[in-house]
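Examination of the molecular architecture
The primary structure of each chain is shown beneath.
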Amino acid sequence: MRVAARPDGSPVGTAPEALGASVDHLTETYRAHYRSLLRLAALLLDDISSCEDVVQEAFIRVHAARRRVREPEKTLAYLRQTVVNLSRSTLRRRIMGLRLLPKPMPDMASAEEGAYDALERDELKAALRGLQRRQREVLVLRYYADLTEAQVADLLGISIGSVKAYGSRGLAALRTRMDQSAGTGDD
């Protein structure tokens, strides 16, 4: 009885392990070439943890596809190509992630402008504290809480005319106080 043979001479009925690269061959390749593959990944990527992940993933993928490796001596070539491809994919994902990050507003204030704004707010708060209680209440409710004159009048239990009067006097006093603080701060 004659046994059918493959083109490489191995019998057709042999176990699947006989095809492709063996696990022992992959283990030996891992031991011998892990560092060189890591250096290859390091040339393509910027951080060591990503390089290690790429090399490990390359070995996992080649191990899963080891039966398709027709010539076991080309295992290292497959691993190198897989490392390069996975490095490219990693970089592509990073670039896409950076593109999806929110863009800073072009008219965003500089640090100096932010500090200056904070100083102005502090001066405004100090000037507001120096106003009469009703003037301060009317100004805060009208301009900070953005209430109408009628809403402020209802909330404070005063007439709309009183809201207008307190608001007008409060703004005048606030301007005077802010002008005074600006004049003393420019030494």
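See the structure above.
Residues numbered from 1 in each chain as written. Predicted model: local features only at pLDDT ≥ 70, side-chain atom pairs only at ≥ 80, totals over all residues. Heavy atoms only, no water.

1. Details of the overall build of the protein chain
- Across its full length, the protein chain holds seven helices and zero strands.
- Within the span of the protein chain, comprising 187 residues, buried residues form 23% of the whole.
- Taking the intrachain contacts of the protein chain between residues at least 6 apart in sequence as the baseline, contacts between residues at least 24 apart amount to 59%.
- For the protein chain, the exposed area adds up to about 13,600 Å²; of that, 56% sits on carbon and sulfur atoms. (Helix = DSSP H or I, 4+ residues; strand = E, 2+ residues; numbered from the N terminus. Buried < 20%, exposed > 50% of the residue type's maximum accessible area, 1.4 Å probe, protein only. Contact = heavy atoms within 4.5 Å. Areas by Shrake-Rupley, 256 points an atom, 1.4 Å probe, with all protein chains shown as cover.)

2. Structural notes on the nonpolar core
- Grouped together as the largest cluster of nonpolar side chains are 16 residues, with contacts concentrated most on L37, A41, V54, V55, F59, L79 and V83.
- At the level of elements, helix 1 (23-44), helix 2 (48-64) and helix 3 (75-100) are the ones that each hand at least two residues to this core.
- Sorting elements by how many residues they give to this core places helix 2 first, with six residues.
- If near-sequence neighbours (up to four positions away) are discounted, L79 is found in contact with T29, L37, A58, F59 and V62.
- Judged by nonpolar contacts, the second largest core, of seven residues, contains V138, A153, L156 and V163. (Core = buried A, V, L, I, M, F, W, Y, C linked by side-chain atoms within 4.5 Å.)

3. Structural notes on unusual backbone geometry
- Of note, D146 is a non-glycine position whose phi angle comes to about 60°, a positive value.
- Summarising the element assignment, D146 is placed in the loop between helix 5 (133-144) and helix 6 (149-156).

4. A closer look at the packing of helix 1 against helix 2
- As a packed pair, helix 1 and helix 2 sit with axes 10 Å apart at the nearest point and diverge in direction by 150°. Classed by the angle they form, the pair helix 1 and helix 2 counts as roughly antiparallel. Where helix 1 crosses over helix 2, the two elements pack in a sense that is right-handed. Contact residues: helix 1 offers V23, L26, T29, Y30, Y34, L37, L38, A41 and A42, while helix 2 offers I48, C51, E52, V54, V55, Q56, F59, V62 and H63.
- Per-class residue counts for the contact of helix 1 with helix 2 are 14 nonpolar, three polar and one charged. (Axes fitted to C-alpha atoms, helices over the stretch in contact; angles between N-to-C directions. Parallel < 35°, antiparallel > 145°, perpendicular 65-115°, else oblique. Left-handed = near helix turned anticlockwise from the far one by under 90°. Nonpolar A, V, L, I, M, F, W, Y, C, P; charged D, E, K, R; others polar.)

5. With respect to the environment of R169
- Secondary-structure assignment places R169 in helix 7 (residues 160-185).
- Here R169 falls in the exposed class, since its relative accessible area comes to 52%.
- Spatially, the C-alpha atom of R169 lies 7.2 Å from that of Q135, the residues being 34 residues apart in sequence.

6. Some points on the pattern of salt bridges
- Tallied over the full model, the rule gives six salt bridges.
- For R61, the salt bridge is made with E57, and the minimal N-O distance between the two is 2.9 Å. Residue R61 and its partner E57 are both found in helix 2; the two are separated by four residues, about one turn of the helix.
- Look at R61 and you get partly exposed, because its relative accessible area is 46%.
- Judged by relative accessible area, which is 29%, E57 ranks as partly exposed.
- Connected through shared salt-bridge partners, D46, D47 and R94 make up one network. (Salt bridge = Lys/Arg side-chain N within 4 Å of Asp/Glu carboxyl O.)

7. Regarding the packing of helix 1 against helix 3
- Close contact between helix 1 and helix 3 brings their axes to 10 Å; oriented N to C, the two are set at 35°. The two elements helix 1 and helix 3 cross, and the hand of that crossing is right-handed. Of the residues in helix 3, those in contact with H25, L26, T29, H33, L37, L40, A41 and L44 of helix 1 are T75, L76, L79, R80, V83, V84, S87 and L91.
- Residues that form the contact of helix 1 with helix 3 fall into these classes: ten nonpolar, five polar and one charged.

Such coordinate-based values are descriptive only and should not be taken to indicate function.
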